[in-house]
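Overview (structure and organization)
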Amino acid sequence: MNGKVRFTETNHLASLRRPVRAHGTLQYIKPATLIMTQSAPRKAVYRIVGNRLFVNGARRGVPVTRYPGVVAIVSGFEGLLSGNYALLAHDFTTHLTGDRKAWHLLLTPRLASLKQALSSVAISGRGAALVEIETRAPNGDTSDMRILR
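Report on the accompanying structure. Here the structure is a predicted model, which is why all the values come from computation and not from measurement.

Observations regarding the overall build of the chain
The helix and strand tally for the chain stands at three helices and 11 strands. Beginning at the N terminus, the succession of helices and strands in the chain can be written as β-β-β-β-β-β-α-α-β-β-α-β-β-β. Taken over the C-alpha trace, the chain has a radius of gyration of 15 Å; the compact-globule value for 149 residues is 15 Å, and the two agree within 12%. Taken across its 149 residues, the chain has 37% of its residues classed as buried. One finds the centroid of the 21 positive side-chain charges in the chain at a distance of 8 Å from the centroid of its 8 negative side-chain charges.

Thoughts on the nonpolar core
Of all hydrophobic cores here, the largest spans 23 residues; its most connected members are Leu-26, Leu-107, Ile-123, Leu-130, Met-145 and Ile-147. For this core, the secondary structure elements donating two or more residues are β1 (4-12), β2 (20-29), β3 (33-40), α1 (68-82), β8 (103-109), β9 (120-126), β10 (129-136) and β11 (142-148). Per element, the largest residue contribution to this core is three residues, and it comes from β8.

Brief notes about the pairing of β11
Taken across its seven residues, β11 has five buried, putting it largely inside the fold. In terms of strand pairing, β1 meets β11 through seven bridges, oriented antiparallel. Directly across from Phe-7, in β11, lies its bridge partner Ile-147. The sheet contact formed by β10 and β11 spans five bridges and is antiparallel. When the bridges of β11 are listed, Thr-135 appears paired with Ser-143. Counting the residues between successive antiparallel strands, the hairpin from β10 to β11 contains five residues, one of them, Gly-140, with a positive phi of roughly 100°.

What about the environment of Leu-118?
If you trace the backbone, Leu-118 turns up in the loop between α3 (112-115) and β9. The buried category is assigned to Leu-118, whose relative accessible area is 5%.

Things to note about the sheet that holds strand β4 (residues 44-49)
In space, the 11 strands of this open sheet follow the order β6-β5-β4-β3-β2-β1-β11-β10-β9-β8-β7, with antiparallel pairing throughout. Because the sheet does not close on itself, it has two edges, and the strands there are β6 (62-63) and β7 (92-98).

Some remarks on the pattern of salt bridges
The final tally for this structure, using the stated rule, is three salt bridges. For Arg-136, the salt bridge identified is with Glu-134, shortest N-O distance 3.8 Å. Between Arg-146 and Asp-144 there is a salt bridge, with the nearest N and O atoms lying 3.5 Å from each other. Note on Arg-146: relative accessible area 40%, which makes it partly exposed. Among the ionic contacts, a cluster of salt bridges with common partners joins Glu-132, Asp-144 and Arg-146.

Rules of the game
- Residues numbered from 1 in each chain as written.
- Predicted model: local features only at pLDDT ≥ 70, side-chain atom pairs only at ≥ 80, totals over all residues.
- Heavy atoms only, no water.
- Helix = DSSP H or I, 4+ residues; strand = E, 2+ residues; numbered from the N terminus.
- Rg over C-alpha atoms; globule rule 2.2 N^0.38 Å.
- Buried < 20%, exposed > 50% of the residue type's maximum accessible area, 1.4 Å probe, protein only.
- Lys, Arg positive; Asp, Glu negative; His and termini not counted.
- Charge placed at Lys NZ, Arg CZ, Asp CG, Glu CD.
- Core = buried A, V, L, I, M, F, W, Y, C linked by side-chain atoms within 4.5 Å.
- Pairing = 2+ DSSP bridges.
- Salt bridge = Lys/Arg side-chain N within 4 Å of Asp/Glu carboxyl O.

Treat this as a map of the structure, not an account of what it does.
Take a look at the structure:
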């Protein structure tokens, strides 16, 4: 993922009767900045720089370690988008299938702290392009993010 891409996301949360749908943009800036700008259902900007999370332009970020699910997702994104397999392999067991034209990467957390928040992350792509990111939590919550071209 280079530059900025649009996304749609559907979250199925055990605590809600209906799924929550969101959309916006996602941007990765090397070496360690991930920005999610959500347009709906409400406007919000989540910026992760290194190990700090900034919400809606806050000047003081909070450590992402407070949110193990966020840590896992950021680690997965950074490892995948920066081509840092060592980072992926440190935090996750990896299982890659397919070929360059169509591939699927399954990440399963290794660390107990990550396992509490995340069961798996399944990432699909075509060539160098991300297509879909599905996350599963131990409590049954799921998120399906589609990257739009």
